[in-house]
Amino acid sequence: CYVEFSINNQSSQELDLNTLNSAINDAIENDLILNSIYIPGDELPNYCPNLPYSIPKTENVRLIRMSPFDYQPCGGTHVKSSLELKGLSITKQKLKGNSLKISYQII
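Residues numbered from 1 in each chain as written. Predicted model: local features only at pLDDT ≥ 70, side-chain atom pairs only at ≥ 80, totals over all residues. Heavy atoms only, no water.

S.K.: Mind laying out the overall build of the protein chain, listing which residues take part and the relevant values?
M.R.: Assigned secondary structure in the protein chain consists of two helices and six strands. Reading the helices (α) and strands (β) of the protein chain from amino to carboxyl end gives β-α-β-α-β-β-β-β. Projected onto its principal axes, the C-alpha positions of the protein chain cover 40 × 35 × 20 Å. Within the protein chain, the fraction of its 107 residues that count as buried is 25%. Long-range pairs, those at least 24 residues apart, make up 55% of the contacts in the protein chain between residues at least 6 apart in sequence. With an accessible surface of roughly 7,700 Å², the protein chain has 49% of that area assigned to carbon and sulfur atoms. One finds the centroid of the 9 positive side-chain charges in the protein chain at a distance of 7 Å from the centroid of its 11 negative side-chain charges. (Helix = DSSP H or I, 4+ residues; strand = E, 2+ residues; numbered from the N terminus. Buried < 20%, exposed > 50% of the residue type's maximum accessible area, 1.4 Å probe, protein only. Contact = heavy atoms within 4.5 Å. Areas by Shrake-Rupley, 256 points an atom, 1.4 Å probe, with all protein chains shown as cover. Lys, Arg positive; Asp, Glu negative; His and termini not counted. Charge placed at Lys NZ, Arg CZ, Asp CG, Glu CD.)

This is the structure we're talking about:
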């Protein structure tokens, strides 16, 4: 499994996976609750002003948020609480141009 991020040149450096996994485990243990809302696409900039891609303004958009983190558009399936992610670890990263691919597993 992986997630892919668009990055700018200033952030194109490798991440410390041990530090990242520690922060993820802290967030999981804090039992963060996932919230989702649906909004019209033309309201998306009010919630996600720094998206590196565009979503049609005529589409309804599902946003998810695990407080204290920002809303993110998503069309996938999600957990109800971060506790459901126990055992998650980042296994590798790959930088290529303006793309950062983070691979993970849940044991």
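S.K.: Pulling in residues and values, what's your account of the pairing of strand β5 (residues 88-96)?
M.R.: The pairing of β5 with strand β6 (residues 99-106) spans eight bridges and is antiparallel. Its bridge partner lying in β6, K96 is registered against S99. Adjacent in sequence and paired antiparallel, β5 and β6 are bridged by two residues, among which G97 carries a positive phi angle near 60°. (Pairing = 2+ DSSP bridges.)

S.K.: How would you explain the pairing of β6 if you had to name every residue and give the values?
M.R.: Across five bridges, the pairing between strand β1 (residues 2-6) and β6 is antiparallel. Note that in β6 the partner of F5 across the bridge is L100.

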